[in-house]
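Now for the letters of each chain:
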Amino acid sequence: MTLHKLALIPGDGIGVDVIDAAMTVLRSAGERFGFGLETETFPWSCAYYLEHGTMMPADGIDTLRGFDAIFLGAVGWPETVPDSVSLHGLLLPIRKAFDQYANIRPHRLLSGVEGPLKAEGFDILCIRENTEGEYSGAGGRVHQGKGNEVAVETSVFTRLGVERILRFGFEQARARRKHLTSVTKSNAQKYSMVFWDEVTRELAAGYPDVTVSHMHIDAMAAKMVMAPQDLDVIVASNLFGDILTDLGAAIQGGLGFAASANISPDRANPSMFEPVHGSAPDIAGRNIANPIAAIWSGAQMLDHLGEGEAAAAVLAAIETATAQGIGIRPGLHSTDEITTAIRAALEA
Ligand code: NAD
């Protein structure tokens, strides 16, 4: 029997609940499809930071290196730890250290879910650059607290980084409805974003079967609201992808449905799977978090680990549950009820 070694980082708030829920479903999938999941749980979180002064130990990255995949809930507790500390202390270092440059976020209206726009047929795949761009961390502050204080934060776009994320997007488009939309702001950002547009055009020549649109981020935000069904694969920089995928999540019914995979495509390092949502302090500890985003992320993880059939079955089970009205609106069902319904559908 194949055994997959998973590092679990539940994190903070509802991250803990949704990882628990998702693991229940994934273990059922393992029983049905004949693979095992060997897990080790790491308590790295804001609570860990308050005790140790760091979000993870100094050898945290080395520890994670030995796993087949990382499954993360959510990290952040702004009341006690600034978000910039929690994000830059755990998530971003993992994405960068393991070169998880492709952040894949599927947004689709599941059966039974309407979403605020009732955008029937909405089914897009957002590919977000995950290691550089606006989140490169290059910058600094001088004269802090003084009248002449300066804060500089530089976006970094490399040919290697831009080419590989666009190539990844073209390959995904080829496997879907063969349309790619590249999102920039090249009218205003005349160096980095014009460069991104140029690279898109260069690569497009190698994918004659894929049609390409270029859109500015502001127009894209409007299009996602006005005609979301017309979109297929979207490729965007770190910041733009981050923002557009919260919009995608809203259109698909809320953050509780939005899954995400941080992929290290050459497989030299573990990839990381996590729902798009955060730790949701406003609903933490109340058993009302929607676990579907985490379970769907878990399905992406199974697929990445070579368990494609099990991944498809988990997704089908999610959709069987939502088609029956389970979990389709916030507060309608508890985390446990949604998990039980999905597990039952998987085992049926
Ligand atoms: P959030 O995603 O935690 O919550 C936004 C809203 O969506 C809240 O009203 C919340 O109740 C709701 N929501 C989120 N997930 C839900 C779910 N599964 N089911 C039902 N409702 C859900 O975003 P936020 O409030 O901006 O951030 C809270 C904390 O999470 C911050 O510290 C932030 O930095 C962190 N954060 C972490 C990640 C991550 O770990 N990947 C992502 C985003 C935010």
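Quick caveat, the model's predicted, so the values are computed rather than measured.

### Points about the overall build of the protein chain
Then step 1. When helices and strands are counted, the protein chain shows 11 helices and 12 strands.
Then step 2. Scaling as 2.2 N^0.38, a compact globule of 348 residues should have a C-alpha radius of gyration of about 20 Å, and the protein chain matches this with 20 Å.
Then step 3. Projected onto its principal axes, the C-alpha positions of the protein chain cover 55 × 50 × 40 Å.
Then step 4. Sorting the 348 residues of the protein chain into buried and exposed places 53% on the buried side.
Then step 5. A separation of at least 24 residues holds for 76% of the contacts in the protein chain among residues at least 6 apart in sequence.
Then step 6. Taking the 27 positively charged and 42 negatively charged side chains of the protein chain as two groups, their mean positions are separated by 5 Å.

### A few points about helix α1 (residues 14–33)
Then step 1. Its 20 residues place the ends of α1 28 Å apart at the C-alpha level, agreeing with the 28 Å of an ideal helix rising 1.5 Å per residue.
Then step 2. Turning to α1, its buried residues number three or more, namely Ile14, Gly15, Val18, Ile19, Ala21, Ala22, Met23, Val25, Leu26, Ser28, Ala29 and Gly30.
Then step 3. Looking at the buried side of α1, the elements it contacts are β1 (2–11), β2 (35–41), β3 (69–74), α9 (292–304), α10 (308–323) and α11 (335–347).
Then step 4. Immediately beyond the C-terminal end of α1, within one or two residues, lies Gly34, with a positive phi of roughly 75°.

### Some details on the domain arrangement of the protein chain
Then step 1. Domain boundaries in the protein chain define domain 1 (1–101 + 269–348) and domain 2 (116–251).
Then step 2. Between the C-alpha centres of domain 1 and domain 2 the distance comes to 25 Å.
Then step 3. Contacts between the two partners involve six residues from domain 1 and, on the opposite side, 10 residues from domain 2.
Then step 4. Buried surface at the junction of domain 1 and domain 2, summed over both partners, amounts to about 870 Å²; 52% is from carbon and sulfur atoms.
Then step 5. When the buried area of domain 1 at its contact with domain 2 is split by residue, Arg95, Lys96 and Tyr101 rank highest and sum to 65% of it.
Then step 6. Here Asp99 makes a salt bridge to Arg164, at a shortest N to O gap of 2.8 Å.
Then step 7. At the junction of domain 1 and domain 2, the tally comes to five residue pairs in polar contact (both at pLDDT 80 or more).
Then step 8. Taken together, the residues of the side of domain 1 that touches domain 2 sort by class into two nonpolar, one polar and three charged.

What counts, and where the lines are drawn
Residues numbered from 1 in each chain as written. Predicted model: local features only at pLDDT ≥ 70, side-chain atom pairs only at ≥ 80, totals over all residues. Heavy atoms only, no water. Helix = DSSP H or I, 4+ residues; strand = E, 2+ residues; numbered from the N terminus. Rg over C-alpha atoms; globule rule 2.2 N^0.38 Å. Buried < 20%, exposed > 50% of the residue type's maximum accessible area, 1.4 Å probe, protein only. Contact = heavy atoms within 4.5 Å. Lys, Arg positive; Asp, Glu negative; His and termini not counted. Charge placed at Lys NZ, Arg CZ, Asp CG, Glu CD. Expected span 1.5 Å × (residues − 1). Domains from an automatic or database assignment. Buried area = accessible area lost by both parts, 1.4 Å probe. Salt bridge = Lys/Arg side-chain N within 4 Å of Asp/Glu carboxyl O. Polar contact = N/O pair within 3.5 Å; in protein donor to acceptor, adjacent residues only side chain to side chain. Nonpolar A, V, L, I, M, F, W, Y, C, P; charged D, E, K, R; others polar.

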